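Observations on the three-dimensional arrangement
So you can see what is in the structure, the chains are spelled out below.
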Amino acid sequence: MPHRAWLVVAVAFVTIIGAAAFRTLPGLVTDPLIDDFGWSRGTIGAAVSVNLVLNGLIAPFSAALMDRFGIRRVVTGALTLIAVGVGAGVLMREAWQLLLLWGVLVGLGTGALATGFAATVTIRWFAERRGLVSGVLTAAAASGQLVFLPLLSWLVVGHGWRPAAVTVALAALAVVPFAWLLMRDHPSDVGLPPYGAQEVTPPPAPAPGVARRALTVLARAARSGPFWLLAGSFAICGASTNGLVQTHFVPAAHDHHMPVTAAASLLAVIGVFDVVGTIASGWLTDRFDSRRLLAVYYALRGLSLLFLPMLLAPAVHPPMIFFIVFYGLDWVATVPPTIALCREHFGEDGPVVFGWVLASHQAGAAAVAFLGGLARDVFGTYDVVWYASGALCAGAALMVLVIRRRATPLPGRAAPPAG
């Protein structure tokens, strides 16, 4: 009979899909919001930036909250917050309401279910296959994009942006019963050892002072060079994915007269190959040096972005399809090796440290979400943003190669792979 850990992974996968539905929405509704309210792209980009910043800042506190109050309570609360924020957005009339609802409320909710959630589930429930599991759960966000993008783009084009927003809110609410009834905080809650372990270990006592623990872990981690190299490279990862392509690809393609539904379908294809690439990255992370994997991922991503301005056109053609497949395989393949390096260097504090590294990812994404829209307003084109992001990815590849490997593993971590 399969280990209960795999059921927990399945529930976490569905939860992340439900939370990820919002990620696809801003890029699809940019032009409709401009048409309805006359807001600038910079204003809409600012709301996305607020969302991404809060998404990143809440992540390390979310990991500590899960330690203190349990995964189920945090997950159900976060899903409810997302549903309320997105659903109430259909009533907004002013830009400050966009900032409050889609920026603040949804940012807090999605931050609680960011990749730090995947890291917590992986480390608690698995002693083996951690790279594979973190890859599967990371791919869930791409699966959400795959599931919702075609539907939402059809709704936006045929019925307006409000039905699409309601659909996202309902998707988040639909996951709540599954999370509450099937998710468990620790393997010992059901009398089992973690997958791959032999002994049932009781969960640690709930730690008081959630904020204090998150800040204490940050203070310790910030005294090490690997933390800053991981944080800096992951900020560039966010800038070149969530902040750039997810937010601005559809409007940029529409600038070149590509139909919104066609551009959204291309993003959905990115989601298909992202699932493949991220799961494969998790498998590779269990076997090869995470630093070298990250360097290859960032270098290839940067190279692909440099070619994108030449590929945008009114119709989809083979070179664009090649870019979509290539870029999709690399989209969040960076996450499993980054989680592995956090675990290698920071042991049991790894999920909280990764939460802070994820905060830098979202800060980078927020900067480009805003600056990309601003650049389009000022220059009338996105080209400068594609080129700048490609150059930044080259810098990220160099940063991860500088990280030194630990000679001995910290408690709670298996020995690093050879390579």
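Reading the values: the criteria
- Residues numbered from 1 in each chain as written.
- Predicted model: local features only at pLDDT ≥ 70, side-chain atom pairs only at ≥ 80, totals over all residues.
- Heavy atoms only, no water.
- Core = buried A, V, L, I, M, F, W, Y, C linked by side-chain atoms within 4.5 Å.
- Buried < 20%, exposed > 50% of the residue type's maximum accessible area, 1.4 Å probe, protein only.
- Helix = DSSP H or I, 4+ residues; strand = E, 2+ residues; numbered from the N terminus.
- Contact = heavy atoms within 4.5 Å.
- pLDDT = per-residue confidence, 0-100.
- Expected span 1.5 Å × (residues − 1).
- Phe/Tyr/Trp six-rings, centres within 6.5 Å; stacked < 30°, edge-to-face > 60°.
- Patch = residues over 30% accessible without salt bridge, like charges linked within 9 Å, V, L, I, M, F, W, Y side chains within 5 Å.
- Areas by Shrake-Rupley, 256 points an atom, 1.4 Å probe, with all protein chains shown as cover.
- Salt bridge = Lys/Arg side-chain N within 4 Å of Asp/Glu carboxyl O.

1. Describing the nonpolar core
Leu25, Val86, Trp102, Phe117, Val245 and Phe249 are the most contacted members of the largest nonpolar core, which totals 124 residues. For this core, the element with the highest residue contribution is helix H8 (residues 161-182), accounting for 10 residues. Other than its neighbours up to four places away in sequence, leucine 25 contacts Val86, Trp102, Leu152, Ala164, Ala165 and Val168. Leu52, Ala365, Ala366 and Ala369 belong to the second-largest nonpolar core, a separate cluster that totals five residues.

2. Remarks on the confidence of the model for the chain
When pLDDT is averaged along the chain, the result is 85, and 94% of the positions lie at 70 or above. In the model, residues 411-419 has pLDDT below 50 throughout and makes 27 contacts with residues more than four positions away in sequence or in other chains.

3. Focus on helix H4 (residues 71-88)
Think of an α-helix as turning once every 3.6 residues; residues three or four places apart then point the same way. Between its first and last C-alpha atoms H4 spans 26 Å; for 18 residues at 1.5 Å apiece the expected length is 26 Å, and the two agree. Those residues of H4 that fall on the buried side of the exposure criterion are Ile71, Val74, Val75, Thr76, Ala78, Leu79, Ile82, Ala83, Gly85 and Val86.

4. A word on the packing of aromatic side chains
To describe a pair of aromatic rings, one takes the distance between the centres and the angle between the planes. Tallying each qualifying case throughout the model produces 13 aromatic pairs. Centre to centre, the rings of phenylalanine 22 and tryptophan 102 are 5.7 Å apart; their planes meet at 85 degrees, and the pair counts as edge-to-face. Of this pair, phenylalanine 22 sits in the loop between helix H1 (4-20) and helix H2 (25-37) while tryptophan 102 is found in helix H5 (residues 95-112), placing the two residues 80 residues apart along the sequence. On the accessibility criterion, phenylalanine 22 (2% relative accessible area) is buried.

5. Examining H8
A rise of 1.5 Å per residue sets the reference length of H8, with its 22 residues, at 32 Å; its end C-alpha atoms lie 33 Å apart and thus fit the reference within 8%. Taken as a whole, H8 has its buried residues at Trp161, Ala164, Ala165, Val168, Ala169, Ala171, Ala172, Val175, Val176 and Ala179.

6. A short note on a nonpolar patch on the surface
A contiguous nonpolar patch, built from Phe370, Leu371, Leu374, Val378, Phe379 and Val384 and spanning about 550 Å² of accessible area, is present on the exposed surface. With five residues, the top contributor of residues to the nonpolar patch is helix H16 (residues 350-379). Following the sequence through the fold, phenylalanine 379 ends up in helix H16.

7. Quick look at the side chain of serine 49
Its location among the elements puts serine 49 in helix H3 (residues 41-69). You can call serine 49 buried: its relative accessible area is 9%. Sequence-distant contacts of serine 49, that is, excluding residues within four places in its chain, are made with Ala366, Ala369 and Phe370.

8. A word on the pattern of salt bridges
Under the criterion given, the structure shown has seven salt bridges. Linking aspartate 36 and arginine 162 is a salt bridge whose minimum nitrogen-to-oxygen distance equals 3.7 Å. Pair noted here: aspartate 36 is in helix H2 and arginine 162 is in helix H8, with a separation of 126 residues, a long-range link. Of the residues examined, arginine 162 reaches a relative accessible area of 29% and is grouped as partly exposed. When salt bridges that share partners are traced, they join Asp289, Arg291 and Arg292 into one network.

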